[in-house]
Amino acid sequence: MKVELPDHELMHSGHVGCPGCGAAVAMRFLLNGLGEKTVMVIPACCWSIIAGPYPQSTLKVPVLHTAFETGAAVATGIRAALDVRGERDVTVVTWAGDGGTFDIGFQALSGAVERNEDFLYVCYDNEAYMNTGIQRSSSTPYGAWTTTTPGRDWKKMRKKNIVEALAAHRIPYAATASIAYPDDLVAKVKKARSIRGSRFIHIFSSCPTGWRIPSELSIKIARMAVQTNIFPLYEVEGGVRYTINLKPKGYLVKEYFRLQGRFSHLTEEDLDQIQEMVEEDWELLLRKAGTMPSL
Amino acid sequence: MWQVMEGSHAVAEAVRLAGVQVISAYPITPQTHIVERISEFCAAGLLEARFLRVESEHSALAALIGASTAGVRTFTATSSQGLAYMHELLHWASGARLPIVMAEVNRALAPGWNIWTDQTDSLSQRDTGWIQLYCEDGQEVLDTTLQAFRLAEWVNLPVMVVLDAFFLSHTHEPVQVPSQEEVDRFLPPFSPSFRLNTETPCAFNQLATPAVYMEMRYSIQQAMASALERFPQLEDAFQTIMGRRYGAVEEVSTADADVILVTSGTVTSTARGVVEALRNRGEKVGLLKIKLFRPFPAEAIRRHLRRAAKVAVLDRNFSFGAGGIFAQEVRAALCNLKDRPQVFGYIVGLGGRDVTPALITEICRKTWERAHPEEADEWMGLTEVPYESGTAGP
Ligand SMILES: Cc1ncc(C[n+]2csc(CCOP(=O)(O)OP(=O)(O)O)c2C)c(N)n1
Ligand code: SF4
Ligand SMILES: [Mg+2]
């Protein structure tokens with residue numbers, strides 16, 4: 001797949017993320033799609049650290065670091081202030097982890113998108129609270145080990161489907177994206193940027209540290225998540241118009257699971273059960289989209 | 001222009017006159033009349049502001065943190081549970097040095113549900129880095145709200161304007177409403193030296209290591225100290241235009257008083273009547289009203305109280321395991337004086353119970369009669385409460 005990215009970089013070369021950090025890759029692509037006229041809100045998450053300590057900053061756009069659960073509300077306030085000041089050409093973007101989006105920040109996010117506040121909310125999803133040491137979130141997938149779901153208490157609940165929850169608010173634009181598909185990711189960012197109202201992009205971002213994977217497998221695993229239908233790439237416009245962006249090869253989920261230390265305790269039967277769950281979710285998505293992608 | 005209005009509407013008038021640009025609030029009794037009136041101003045085009053009808057108090061303050069950092073004048077109002085819910089972001093607003101103004105209607109905290117006045121909600125936020133100003137009547141509410149914007153924008157700290165539930169928020173009084181021209185002379189437009197913008201991109205509120213955090217905290221204290229120093233200058237400017245001033249504290253007949261009552265909020269008005277009545281009977285009693293609670297005007301308090309033999313502090317609030325909060329602060333302000341008055345603490349009117357002239361007179365009498373204060377502050381007007389222990393034993 002050919003990747004065409006703009007040559008301007010809005011991220012400095014230095015950052016303090018772990019080697020192979022998918023969240024750092026995701027930010028770089030996001031900024032490629034956004035450009036300089038961007039104001040960024042970052043609630044507590046790994047990126048509170050990755051962005052660098054005072055007086056340094058990894059990003060070349062203005063950043064407001066804020067409390068864990070406030071990403072959507074702070075963006076609401078910034079948008080209002082910029083409107084009052086007549087700065088309509090600036091895009092307000094919240095960049096939050098899965099914990100800050102699916103869990104503690106969900107009330108503020110739901111409230112803001114119900115009001116159709118004019119911002120882009122991007123969730124980089126590494127499927128746990130990584131900043132605090134790999135604890136379970138409602139985005140942690142079925143079957144995963146985390147430090148709060150150790151041993152036989154591995155997570156027995158499904159991952160919350162955040163895009164569906166956002167789509168249910170009938171927001172203008174919601175989409176998934178992956179660090180393994182940068183052209184698709186950047187195209188979605190650009191599309192989202194051109195729309196007014198609440199926009200949501202959910203980016204799958206591998207985390208070598210938390211997933212117990214070698215750092216060089218970060219991108220490969222993100223690609224496998226798409227190709228196994230675990231993390232399909234799709235868009236929902238107006239809460240109802242579904243488009244699946246990529247026709248996956250349909251690998252078995254066990255090929256994805258077997259690469260990751262966080263799933264090493266799962267038995268063949270567990271993996272069969274997960275395969276069924278993934279197929280069920282995929283069929284549901286196909287029904288909503290109405291067609292198979294013809295890519 | 002004189003108008004008869006509720007304390008809540010006095011707040012709203014000040015917000016309109018101050019030309020606030022972004023308002024964000026969530027309803028809670030007894031704050032609702034404030035936000036309803038502001039909504040009417042916005043709907044009628046009398047105030048050109050964005051009113052954000054967010055889904056919680058937490059988001060109300062979060063939105064203002066965003067808006068204020070982006071460089072506009074901001075306002076919110078809340079009470080009790082709502083203020084407690086904002087707690088995390090109260091620290092954030094002051095730490096980020098944002099001049100956000102809030103009207104806080106003193107209401108008791110649950111359980112049990114109680115919507116009546118009690119200061120424990122705002123006083124339990126005393127360490128959050130917000131300037132706190134307590135008001136006595138409708139005029140003071142309007143004036144203090146206007147002053148709050150100028151003070152906040154002068155020292156880069158958030159300000160809480162505090163008023164009693166119902167006794168002030170819902171009580172109609174004649175209030176002199178200044179003209180727009182007068183307010184504009186007092187309060188220049190907000191133009192901060194730093195703001196979130198794409199021309200000069202900066203990171204705000206980022207990771208602060210032990211090497212820098214302490215200095216950041218100290219700068220907040222410097223701002224508090226300068227707020228204390230500048231408050232009289234601010235009132236000079238206000239007085240020149242509006243003809244009114246209040247003082248960080250206000251003394252009534254303290255010069256020759258043997259006993260000085262210390263009050264805040266609407267209890268002060270009742271105490272004024274008691275002091276006058278007792279003075280007419282020849283009793284040497286005085287009154288000190290505390291308006292500015294953070295920063296605490298310790299020096300002014302020492303100056304007015306030091307000559308008295310006894311001080312009686314009326315606290316419509318309580319810190320469990322310690323005592324009345326104003327009494328604690330007054331004792332701390334006096335403790336390093338060589339000759340200092342004895343401080344008697346009285347807990348009154350919690351959860352909106354009436355604080356009557358008779359009750360305040362009784363407090364004066366008790367203070368005269370006792371040689372020394374009891375170890376613990378005295379709860380006034382209590383019916384007997386049997387102590388119930390938990391089930392676990394030694
Ligand atoms: C109110 C509050 N509770 C808890 C925390 C501690 N905390 C900081 S970041 C974080 C987890 C963040 O998880 P996520 O949003 O998934 O981002 P990640 O660290 O995984 O990138 C937690 C629990 C906090 N800062 N504030
Ligand atoms: S813990 Fe994971 S998400 Fe956080 S910096 Fe390291 S690799 Fe990135
Ligand atoms: Mg996470």
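These lines cover the structure that appears in this document, whether it is placed above or below. (Residues numbered from 1 in each chain as written. Chains lettered and ligands numbered in written order. Predicted model: local features only at pLDDT ≥ 70, side-chain atom pairs only at ≥ 80, totals over all residues. Heavy atoms only, no water.)

Description of the overall build of chain B
The cut-off we apply is this: Counting from the N terminus, the helices are DSSP H or I runs at least four residues long and the strands are E runs at least two residues long. In this description the radius of gyration comes from C-alpha coordinates, and the expected globular size is given by 2.2 Å times residues to the power 0.38. Whether a residue is buried, partly exposed or exposed follows from its accessible area with a 1.4 Å probe, protein chains only, as a fraction of its type maximum: under 20%, in between, or over 50%, in that order. For this analysis, residues touch if any pair of their heavy atoms sits within 4.5 Å. Each accessible area value is a Shrake-Rupley result obtained with a 1.4 Å probe; residue values ignore everything except the protein chains displayed when judging cover. A residue counts as positive if it is Lys or Arg and as negative if it is Asp or Glu; His and the chain ends are not included. Lysine's charge is taken at NZ, arginine's at CZ, aspartate's at CG and glutamate's at CD.
A count of helical and extended segments in chain B gives 12 helices and 16 strands. Its C-alpha atoms give chain B a radius of gyration of 21 Å, within 12% of the compact-globule value 21 Å for 394 residues. Principal axes of the C-alpha set define a box for chain B whose edges measure 70 × 60 × 40 Å. Per-residue burial for chain B yields a buried fraction of 58% across its 394 residues. Counting contacts in chain B only where the partners sit at least 6 residues apart, residues at least 24 apart contribute 81% of the total. Accessible surface, chain B: about 16,300 Å² in total, of which carbon and sulfur atoms supply 53%. Each charge class in chain B can be summarised by its mean position, and for the 35 positive and 46 negative side chains these summaries are 5 Å apart.

So, helix α6 (residues 138-155) of chain B
Residues and elements named next belong to chain B. Stated precisely, the cut-off is as follows: Here a helix's expected span is defined as the number of its residues, less one, multiplied by 1.5 Å.
Look at α6: 26 Å from first C-alpha to last across 18 residues, which is about the 26 Å you get at 1.5 Å a residue. With respect to burial, α6 is a largely interior element, 16 of its 18 residues being buried. Positive backbone phi, at 55°, marks N156, one or two positions downstream of α6.

Comments concerning the pattern of salt bridges
Short version of the rule: Salt bridge, as applied in this entry: a Lys or Arg side-chain nitrogen positioned within 4 Å of an Asp or Glu carboxyl oxygen.
For the structure shown, the criterion picks out 44 salt bridges over all chains. The partner of R258 of chain A in a salt bridge is E268 of chain A, and the shortest N-O contact between them spans 3.4 Å. Here E268 of chain A lies in helix α11 (residues 268-289) and R258 of chain A lies in the loop between α10 (253-257) and α11, a separation of 10 residues in the sequence. By relative accessible area, which is 36% here, E268 of chain A ends up partly exposed. In this structure, the salt-bridge partner of D377 of chain B is R331 of chain B, at a minimum N-O distance of 2.8 Å.

A closer look at helix α3 (residues 57-69) of chain B
Residues and elements named next belong to chain B. Over its 13 residues, α3 extends 18 Å from the first C-alpha to the last, a length consistent with the 18 Å expected when each residue adds 1.5 Å. Of all 13 residues in α3, 13 are buried, a share of seventy percent or more. Remark: G71 follows α3 within two positions and exhibits a positive phi of approximately 95°.

Examining a negative patch on the surface
Condition: Exposure above 30% relative accessible area and no salt bridge define the residues that can form patches, which grow by joining like charges within 9 Å and nonpolar side chains of Val, Leu, Ile, Met, Phe, Trp and Tyr within 5 Å.
Side chains of E269, D272, E276, E279 and E283 of chain A sit close together on the surface and give a patch of like negative charge. Its location among the elements puts E283 of chain A in helix α11.

Digging into the coordination of the magnesium ion (ligand 3)
Residue and element names in this part refer to chain A. Rule in force here: A donor here means an N, O or S atom no more than 2.8 Å from the metal, or no more than 3.2 Å when the metal is Na, K or Ca. Since water is not included, a site may seem to lack partners.
Looking at the magnesium ion (ligand 3), one finds its protein donor set to be D98 (OD), N126 (OD1) and A128 (O), positioned 2.0 to 2.1 Å from the metal centre. One chain supplies every donor to the magnesium ion (ligand 3), and in sequence these donors are spaced D-x27-N-x1-A. A128 matches N126 in its accessibility class, with the two residues each being buried.

Side note on the site of ligand 1
Here is the rule we go by: Throughout, the term near means that a residue has one or more heavy atoms lying within 4 Å of the molecule or strand in question. Pairs of N or O atoms are called polar contacts if they sit within 3.5 Å, as long as, within protein, a hydrogen donor faces a hydrogen acceptor (for residues adjacent in sequence, only side-chain-to-side-chain pairs). Residues were grouped as follows: Ala, Val, Leu, Ile, Met, Phe, Trp, Tyr, Cys and Pro as nonpolar; Asp, Glu, Lys and Arg as charged; and all remaining residues, including Gly, as polar.
In the neighbourhood of ligand 1, 18 residues make up the surrounding shell, with G99, G100, Y124, M130 and N131 of chain A lying closest. Of the chains in the model, those with residues near ligand 1 are chains A and B. N126 of chain A is positioned such that a nitrogen or oxygen atom in its side chain is 3.0 Å from an oxygen atom of ligand 1. Here an oxygen atom of ligand 1 sits 2.7 Å away from a polar atom, N or O, in the main chain of N131 of chain A. Contact with the protein chains removes 77% of the 580 Å² of surface that ligand 1 exposes when unbound. The biggest single contributor to the shell around ligand 1 is helix α4 (residues 98-103) of chain A, with three residues. Here the shell around ligand 1 is built from residues that sort into nine nonpolar, six polar and three charged.

Section: the packing of helix α3 (residues 71-84) of chain A against α3 of chain B
Put simply, the test is: An axis is simply a line fitted to the C-alpha atoms; with a helix, the fit covers only the stretch in contact. Between two such axes, the angle follows the N-to-C directions and lies from 0 to 180 degrees. Should an angle fall under 35 degrees it is called roughly parallel, over 145 degrees roughly antiparallel, and 65 to 115 degrees roughly perpendicular, with every other angle called oblique. Crossing handedness follows the turn of the near helix against the far one: under a right angle anticlockwise gives a left-handed crossing, and clockwise gives a right-handed one.
Where α3 of chain A contacts α3 of chain B, the axes come no closer than 6 Å and their chain directions differ by 45°. Taken together, α3 of chain A and α3 of chain B sit at an angle that is classed as oblique. The two elements α3 of chain A and α3 of chain B meet at a crossing, and its hand is right-handed. For the pair α3 of chain A and α3 of chain B, contact is made by A73, V74, G77, I78 and A81 of chain A and by S59, A62, A63, G66 and A67 of chain B, respectively. Grouping the constituent residues of the contact of α3 of chain A with α3 of chain B by class yields seven nonpolar, three polar and no charged.

Considerations on the sheet that holds strand β14 (residues 310-315) of chain B
Residues and elements named next belong to chain B. What counts, and what does not: A pair of strands is considered paired only if DSSP assigns at least 2 bridges between the two.
On the basis of which strands lie adjacent, the open sheet formed by six strands has the order β10-β12-β11-β14-β15-β16 and mixed pairing. Looking at the sheet topology across the chains shown, the edges are occupied by β10 (249-252) and β16 (378-379). Pairing of strand β15 (residues 342-347) with β16, which is carried by two bridges, proceeds in the parallel orientation. Across the sheet, Y346 pairs through a bridge with E378, a residue of β16. Each of β10, β11 (259-263), β12 (285-290) and β14 touches helix α9 (residues 267-280); the most contacted strand, β12, lies at about 165° to it. Of the strands in this sheet, β11, β12, β14 and β15 are in contact with helix α11 (residues 325-334), which crosses β15 at around 170°.

Description of the site of ligand 2
As a matter of local geometry, ligand 2 sits amid G17, C18, C21, C46, I50, N126, M130, C207, P208 and T209 of chain A. Here the residues of the shell around ligand 2 are counted per class, giving seven nonpolar, three polar and no charged.

Digging into the interface of chain B and chain A
Here is the rule: Joining two parts hides part of their accessible area as seen by a 1.4 Å probe, and the buried area is that hidden amount summed over both.
At the junction of the two partners, chain B supplies 38 residues and chain A supplies 40 residues. Per-residue buried area on chain B facing chain A is highest for T198, Q206 and L207 of chain B; these three make up 20% of the total on that side. Across the salt bridge formed by D83 of chain A and R50 of chain B, the nearest N and O atoms sit 2.9 Å from each other. Put simply, the parts of the chain that give the side of chain B that touches chain A at least two residues each are β3 (50-52), α3, α4 (80-95), β9 (203-204) and α8 (210-242) of chain B. Among the elements that make up the side of chain B that touches chain A, the one with the highest residue count is α3 of chain B (eight residues). Of the residues belonging to the side of chain B that touches chain A, the class tally is 20 nonpolar, 12 polar and six charged. Where strand β2 (residues 63-66) of chain A meets β9 of chain B, two bridges bridge the pair, whose relative direction is parallel. By the bridge assignment, L64 of chain A is partnered in β9 of chain B with F204 of chain B.

Comments concerning the nonpolar core
To be explicit about the condition: Only buried residues count toward a nonpolar core, which is a set of Ala, Val, Leu, Ile, Met, Phe, Trp, Tyr and Cys residues joined through side-chain atoms within 4.5 Å. Annotation comment: domain bounds sourced from an automatic or database domain assignment.
In this structure, I78 and F200 of chain A together with L305 and V330 of chain B are the most contacted members of the largest nonpolar core, which totals 89 residues. If one sorts the elements of this core by residue count, α3 of chain A sits on top with eight residues. Inspection of this core shows a minimum of three residues originating in each of domain 1 (2-242) and domain 2 (249-379) of chain B. Among the nonpolar cores identified, the runner-up in size contains 66 residues, and A177, W211, V226 and I274 of chain A belong to it.

A closer look at the side chain of K155 of chain A
All names here are of chain A. Along the chain, K155 turns up in the loop between β4 (120-125) and α6 (162-167). The side chain of K155 sits in the buried core without any salt bridge; D103 is the nearest counter-charge, 7.7 Å away. A polar side-chain atom of K155 sits 2.6 Å from the main-chain carbonyl oxygen of T140. Setting aside chain neighbours within four positions, we find K155 in contact with R136, S137, S138, S139, T140, P141, Y142, G143, A144 and T149.

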